[in-house]
Amino acid sequence: MAVYYLRIFLLFLLTFKTGFSAEISVFVQTGDSVQLDIQTQKLPEFDLLTWRNDKSENVVKYISETKVVKPLNSYKDRVDFNDTTFSLTLKNMQKTDSGLYTAIASGDSENNIATYRVSVIDAVEAPVLTVNSNWSSSDSCTVIFTCRAHDLMINSSYQNNRCIAQEVTSQINTLNLNCNEESIICNHSNPVSWKKDRINITPLCVNNKENNSSDIKTEPPFQLWTYILGAVCLFGGIAL
Ligand SMILES: *[C@@H]1O[C@H](CO)[C@@H](O)[C@H](O)[C@H]1NC(C)=O
Ligand SMILES: *[C@@H]1O[C@H](CO)[C@@H](O)[C@H](O)[C@H]1NC(C)=O
Ligand SMILES: *[C@@H]1O[C@H](CO)[C@@H](O)[C@H](O)[C@H]1NC(C)=O
Ligand SMILES: *[C@@H]1O[C@H](CO)[C@@H](O)[C@H](O)[C@H]1NC(C)=O
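These numbers come from a predicted model, not from an experiment.

Analysis parameters
All residue numbers refer to positions counted from 1 along the written sequence of the respective chain. Key to labels: chains lettered from A, ligands numbered from 1, both in the order written. Predicted model: local features are reported for residues with pLDDT of at least 70 only, side-chain atom pairs are reported and counted for 80 or more only, and whole-chain, interface and lining totals are derived from all residues. As a rule here, side-chain values come from all non-hydrogen atoms in the structure, and water together with hydrogens is ignored. Any two strands with at least two DSSP bridges between them are considered paired. Going along the chain from the N terminus, every DSSP run of H or I of four or more residues is numbered as a helix, and every run of E of two or more is numbered as a strand. Working convention: axes come from line fits to C-alpha atoms, limited for helices to the stretch in contact. Angles between N-to-C directions cover 0 to 180 degrees. The pairing test for Phe, Tyr and Trp rings, Trp by its six-membered ring, is centres within 6.5 Å, and the orientation test on the planes gives stacked under 30 degrees, edge-to-face over 60, and tilted for anything in between. Throughout, exposure labels follow a simple rule: accessible area from a 1.4 Å probe, protein chains only, divided by the maximum for the residue type, with under 20% read as buried, over 50% as exposed, and the rest as partly exposed. Near residues are defined by distance, with any heavy atom within 4 Å of the molecule or strand qualifying the residue. Nitrogen and oxygen atoms within 3.5 Å of one another constitute a polar contact, given that in protein one can donate a hydrogen and the other can accept it, and given that sequence-neighbouring residues count only through two side-chain atoms. A 1.4 Å probe and the Shrake-Rupley method give the accessible areas. Residues count as covered only by the protein chains that appear here. Under the convention adopted here, Pro, Cys and the residues Ala, Val, Leu, Ile, Met, Phe, Trp and Tyr are nonpolar, Asp, Glu, Lys and Arg are charged, and Gly plus all remaining residues are polar. Working definition of a nonpolar core: buried Ala, Val, Leu, Ile, Met, Phe, Trp, Tyr and Cys residues. They are joined through side-chain atoms within 4.5 Å. A contact between two residues is defined here by any heavy atoms of the two lying within 4.5 Å.

> I'm lost on the sheet that holds strand S15 (residues 183-190) in this one. Help?
The strands making up a sheet associate through hydrogen bonds between their backbones, and the pairing can be parallel or antiparallel. With antiparallel pairing, 4 strands are arranged side by side in an open sheet as S13-S14-S15-S16. Every other strand in the sheet has two partners, leaving strand S13 (166-170) and strand S16 (193-200) as the edge strands with one partner each. Between one strand axis and the next, the sheet turns by 15 degrees as a mean value, whatever way the strands run. Across 8 bridges, S15 lies against S16 in antiparallel orientation. Bridging from a neighbouring strand, His-188 pairs with Lys-195 of S16.

> Any chance you could explain the packing of aromatic side chains here in plain terms?
Centre-to-centre distance and the angle between the planes together describe a pair of aromatic rings. Considering all chains together, one arrives at 5 aromatic pairs under this definition. Aromatic pair Trp-51 and Tyr-116: ring centres 6.3 Å apart, planes at 35 degrees, arrangement tilted. Remark: Tyr-116 occurs in strand S9 (residues 110-121) and Trp-51 occurs in strand S3 (residues 48-53); sequence separation between them is 65 residues. Since its relative accessible area comes to 0%, Trp-51 is described here as buried. With relative accessibility at 7%, the residue Tyr-116 sits in the buried group.

> How do you make sense of the site of ligand 2 when you look at a structure like this?
Looking at ligand 2, the residues that line it are Asn-134, Trp-135, Ser-136, Pro-203, Leu-204, Val-206 and Asn-207. The contact in question runs from an oxygen atom of ligand 2 to an N or O atom on the side chain of Asn-134, over 2.3 Å. Backbone polar atom of Val-206 to an oxygen atom of ligand 2: 3.4 Å apart, as the coordinates give it. Protein coverage of the free-state accessible area of ligand 2, which is 360 Å², stands at 54%. Elements with a contribution of two residues or more to the shell around ligand 2: strand S10 (128-136) and helix H2 (206-217). A per-element tally of the shell around ligand 2 places S10 first, with 3 residues. For the shell around ligand 2, the per-class residue count stands at 4 nonpolar, 3 polar and no charged.

> Where do I start with the pairing of strand S8 (residues 99-106) in this structure?
The two faces of the sheet receive side chains in turn, since in a regular strand these alternate between them. The buried count for S8 comes to 7 of 8 residues, which makes it a mostly enclosed element. Across 6 bridges, the pairing between S3 and S8 is antiparallel. Residue Leu-49 lies in a different strand from S8, and its bridge partner there is Ala-105. Both S8 and S9 contribute to a ladder of 8 bridges, which runs antiparallel.

> I'm lost on the nonpolar core in this one. Help?
Soluble globular proteins tend to bury their nonpolar side chains together. Ranked by internal contacts, the top residues of the largest apolar core, which has 26 residues, are Leu-36, Trp-51, Leu-90 and Val-118. Where this core is concerned, the elements lending two or more residues are strand S1 (24-29), strand S2 (34-36), S3, strand S4 (58-63), strand S6 (79-81), strand S7 (88-90), S8 and S9. For this core, the element with the highest residue contribution is S9, accounting for 5 residues. Sequence-distant contacts of Val-118, that is, excluding residues within four places in its chain, are made with Val-26, Val-28, Leu-36, Met-93, Ser-98, Gly-99 and Tyr-101. Among the nonpolar cores identified, the runner-up in size contains 19 residues, and Val-143, Ala-149, Cys-163 and Leu-177 belong to it.

> Would you mind showing me how to read the side chain of His-188 here?
Note on placement: His-188 falls in strand S15. Exposure remark for His-188: the relative accessible area of 1% places this residue in the buried category.

As structure tokens, then:
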């Protein structure tokens, strides 16, 4: 609890000292755009507003008096600056663009008005579900399977129309396993994307299905009784 209050206090100090902004973490998929907004409602008066990366390069400079926007040459073709909201849009993000981005309003003093920790990551690779073994009887079916993706793995089994939902994670990746009556579903995800693999249960539980339909085949004895009854009557008729 004490630590929590200390953190709040530190955050307050930071906010107070810099005019604003706690670091916000954002994930962007490689090739996508990201829009970074300023994080303060009441912008202090300023002459110059700068969006800066962690190489201390000024990605965009905006001079308030002339309303001139100056993007850095290396960002020229893939940056948008909105001179109403002062937000910065970076396009076609690559992994090397990961890092800290800050917005600074300079006038009589310098105020940090936004801080973003940008992480550019690839979409996840698709998970792969494989069946290790399957067996079925008239009233039950069991399937043993594995789901793999990257360095994550889940072993599990399907029984009585269900399996135990499971989830494993490593860093920012999550592998999630779930089943319903028809299928086993494995979902691999990270903060920017997800992909799934699915296995249909029906073909794996063949005996189970066959025996379900054999309920209908248990009816012939009734027909047999009518034959027997008929035969008895006929025999009785002949005998008389
Ligand atoms: C700036 O942002 C405002 C509010 O989102 C929007 O209405 C306006 O069209 C934007 N201007 C430019 C040049 O993108
Ligand atoms: C196991 O699955 C295969 C299909 O992959 C199926 O041909 C076989 O009949 C199944 N075995 C049982 C006992 O259900
Ligand atoms: C899953 O099973 C395989 C072999 O069947 C084994 O090598 C692996 O360690 C198991 N993984 C987990 C996470 O239990
Ligand atoms: C897979 O996981 C992601 C992230 O948790 C979620 O948004 C998505 O809906 C899931 N997809 C399925 C098919 O469950």
